[in-house]
Amino acid sequence: MATRSRRPRTEDSPAMPRATTVGASATGRPSKKLKQTPAPATVIPVQVQAAPQVPAALERAESPTASRHFSDRKFQDANISTQSKAGIEHEFMSDVQAATLDLGLAGKDLLVQAKTGTGKTIAFLLPAIERLLKVKQRLAGISVLVLAPTRELALQIEEEAQILLKHHNGFKVGHVIGGTN
Ligand SMILES: Nc1ncnc2c1ncn2[C@@H]1O[C@H](COP(=O)(O)OP(=O)(O)OP(=O)(O)O)[C@@H](O)[C@H]1O
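These numbers come from a predicted model, not from an experiment.

Before going further, it helps to examine the site of the ligand. Neighbouring the ligand are 18 residues; Phe92, Thr116, Gly117, Lys120 and Thr121 lie closest to it. At a separation of 3.1 Å, an oxygen atom of the ligand approaches a polar backbone atom of Thr118. Gly119 is positioned such that a nitrogen or oxygen atom in its backbone is 3.1 Å from an oxygen atom of the ligand. For the ligand, whose unbound accessible area comes to 630 Å², protein coverage reaches 74%. When residues of the shell around the ligand are traced back to their parent elements, those giving at least two are strand S5 (92-94), helix H3 (120-133) and helix H4 (151-164). Looking at the shell around the ligand residue by residue, the classes come out as 6 nonpolar, 8 polar and 4 charged.

Pasting the structure below:
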């Protein structure tokens, strides 16, 4: 599915979302205009945009005076497992994490775009892990597949997943990359 950006592309705002992209919901409903949520003056620009068919869409408005990545939401207060909380090495969620966590935990399909280094990896890994915990009869094999456009990014995501899963039992993380011996 094609993605459309509502903002002009900048150097650190690539045209295509990277490993954060998850497919669109097949609700069949017509697209809705994104809601504008006023952003505090202290956040950096973060754009969270739902795919056209996803009814629950959310966008953080761009703030020209923005300088921080962090929200005032703490991971410890989030509705996530104690094992995940124990693995997370950060106190406050970044803006993109705070904006997407509840939607991800609710099982919404999200198409998210945010600047590099804003914490998108945890934003998509954490809800995936939490949802896996709710599966009663887990099948053998791959439960979550993350596609990344570069080897480096794939390895970084693997590392982040291992940290998040440090206190969980029964999960293994691995990577598959091409072009190496
Ligand atoms: N809530 C947080 N508080 C502090 N640091 C964080 C938080 N979330 C992630 N980080 C750290 O910020 C760095 C960048 O995070 P991450 O790689 O997830 O960004 P990204 O948006 O996925 O970047 P890219 O677009 O380059 O993949 C990592 O070192 C990560 O551990």
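Here the chain averages 73 in pLDDT, while 62% of its residues score no lower than 70. Low pLDDT (under 50) marks residues 1-35, which in the prediction has 70 contacts with non-local residues, meaning those over four places away or in another chain. Confidence drops under a pLDDT of 50 for residues 41-45, and excluding neighbours within four residues, the segment shows 23 contacts in the predicted structure.

Next up on the list: a nonpolar patch on the surface. Taken together, Ile142, Leu145 and Leu147 make up a surface patch of nonpolar side chains, about 400 Å² in accessible area. Looking at where Leu147 falls in the secondary structure, it is placed in the loop between H3 and H4.

Conventions used here
Throughout this description, residue numbers start from 1 for each chain and increase along the sequence as written. Only residues with pLDDT of at least 70 are given local features in this predicted model, and only at 80 or more are side-chain atom pairs given and counted; all residues enter the totals for whole chains, interfaces and linings. In computing side-chain values, all of the structure's heavy atoms are included and hydrogens and water are not. In these notes, residues near a molecule or strand are those with any non-hydrogen atom within 4 Å of it. The definition of a polar contact used here is a pair of N or O atoms within 3.5 Å, where within protein one atom must be able to donate a hydrogen and the other to accept one, and adjacent residues in sequence count solely through side-chain atom pairs. Values of accessible area rely on a 1.4 Å probe in the Shrake-Rupley scheme; residue burial ignores everything except the protein chains shown. Runs of H or I in DSSP of at least four residues are treated as helices and runs of E of at least two as strands, each being numbered from the N terminus. The residue classification treats Ala, Val, Leu, Ile, Met, Phe, Trp, Tyr, Cys and Pro as nonpolar and Asp, Glu, Lys and Arg as charged. All others, Gly included, are polar. Confidence scores labelled pLDDT are given residue by residue by the predictor and lie between 0 and 100. Pairs of residues are marked as contacts when any of their non-hydrogen atoms sit within 4.5 Å. Residues form patches when they are more than 30% accessible in relative terms and have no salt bridge. Like charges link within 9 Å. Nonpolar side chains (Val, Leu, Ile, Met, Phe, Trp, Tyr) link within 5 Å. Put simply, a salt bridge is a Lys or Arg side-chain nitrogen that is within 4 Å of an Asp or Glu carboxyl oxygen.

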